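# Reading the structure
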Amino acid sequence: MSPGCPGSARGGANMAWRCWARAAGPRPHRLALLLLQPRRGFRRARPRSEEPPAAAAEARPVPPSPRRSLCPPSPTAAAGRPSPRRLVKPLLFTVGFTGSAFGSAAIWQYESLKSRVQTYFEEARADWMDKMRPQKRGDLRKQVNSWWNSLTEGQRTVTGIIAANVFVFCLWRLPGMRRIMFTYFTSNPSSRALCSPMLLSTFSHFSLFHMAANMYVLWSFSSSIVSLLGCEQFIAVYLSAGVISTFVSYVAKMATGRFEPSLGASGAIMTVLAAVCTKVPEAKLAIILLPMFTFTAGSALKAIIAFDTAGLALGWRLFDHAAHLGGALFGMWYVTYGHELIWKNREPLVKAWHEMRTKNTGKGGGGRSN
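Here's what I pulled together on the structure shown here. (Residues numbered from 1 in each chain as written. Predicted model: local features only at pLDDT ≥ 70, side-chain atom pairs only at ≥ 80, totals over all residues. Heavy atoms only, no water.)

With 26 residues, helix α11 (residues 231-256) ought to run about 38 Å at 1.5 Å a step, and its terminal C-alpha atoms sit 37 Å apart, in line with that. Among the 26 residues that make up α11, 20 are buried, leaving the element largely enclosed by the rest of the structure. Note on α11: the residue one or two positions beyond its end, glycine 257, has a positive phi of about 75°. (Helix = DSSP H or I, 4+ residues; strand = E, 2+ residues; numbered from the N terminus. Expected span 1.5 Å × (residues − 1). Buried < 20%, exposed > 50% of the residue type's maximum accessible area, 1.4 Å probe, protein only.)

Written out as structure tokens, the structure reads:
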């Protein structure tokens, strides 16, 4: 042991190290100070902006729960329960849009009848020119015209509706359009947009099977419903049915507190189906996959209404049963009472439109003669 150093353990480890450093000279002393210096430079300091793991887990947004396959997953969750006062604006939109649809259909029918008389001789002349003109074999335009003329009036009417549904279905496949499609092409009373989705969601399908099934039913009943109502009145009923069924869905969601997005033409198609089955209850129907089993249209309507009523009461979430019931009830009411109350009383509107057209035509003719 070196002189001047305590020989007992009373000095502790620090005294022993200090004595060894004094005996070793100045260079080990500097090394000892270096070794005894705290290693702050080698320890990674935690950034102040970082949150603890528990807090980060709590702040991390929870991914939305998986939805039914007929509807896309919601990008954002609804914040709280919306107020029932939000139904006032959709109600006003439903009443205003329905009135505008039937008023426009009445004017459209007037203009259509007027144009048929004016174009009768032009069509006859065009047919005569086609017969005199040499025919081209394999002409694509001729084949398309031949196919188009082979369709019934009802099938030609719903072709545009089917094309619109296919176009909107393709928009769902574009990732950049997903948020816009969810905002304006799905209906939900808790959504930011309330009124425009009531109509646009009628042409919106996220599932290919959903769209194919709805369009097949629409195509199957198109001839019957158009022969029953006419082209113009059918368009007004179809569009109004989409808005009315969506409003019934809004009311049901407000009552049950289940704010899930809905989309599809099922509500409007239920109106078409219910109108035909109510007007022709003895018509024979069959399922496409089971054509050997037939049943009457009246029995089919009762079964569908019973199914959707049970689904609404039991809280089934695969379909929007409230929209189905709203569409079916509107179709039954319209062919029973609505046709007499609305369409048969369109004469004052058509007369006012005719007077306005005649007055404007007279003014225009006078201006040309001067």
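Text resumes after the structure shown.
A turn of α-helix holds 3.6 residues, and therefore any two residues three or four places apart point the same way. Between its first and last C-alpha atoms helix α10 (residues 208-229) spans 29 Å; for 22 residues at 1.5 Å apiece the expected length is 32 Å, and the two agree. Of all the bends in α10, the largest measures some 50° and sits at serine 222. Buried within α10 we find His210, Met211, Asn214, Met215, Leu218, Phe221, Ser222, Ile225, Val226 and Leu229. Contacts made by the buried residues of α10 are with α7 (153-172), α11, α12 (266-279), β1 (284-286) and α14 (321-341). Its side-chain oxygen at 3.4 Å from the backbone nitrogen of phenylalanine 209, serine 207 defines the N-terminal cap of α10. Of the residues trailing α10, glycine 230 is marked for its positive phi of about 95°. (Bend = angle between axes of the 7 residues up to and from the residue. Contact = heavy atoms within 4.5 Å. Polar contact = N/O pair within 3.5 Å; in protein donor to acceptor, adjacent residues only side chain to side chain.)

Of note, phenylalanine 93 is situated in helix α4 (residues 88-118). Through-space distance from the C-alpha of phenylalanine 93 to that of methionine 198 is 9.0 Å; in sequence the pair is 105 residues apart. Not counting residues up to four positions away in its chain, the partners in contact with phenylalanine 93 are Cys195, Met198 and Val243.

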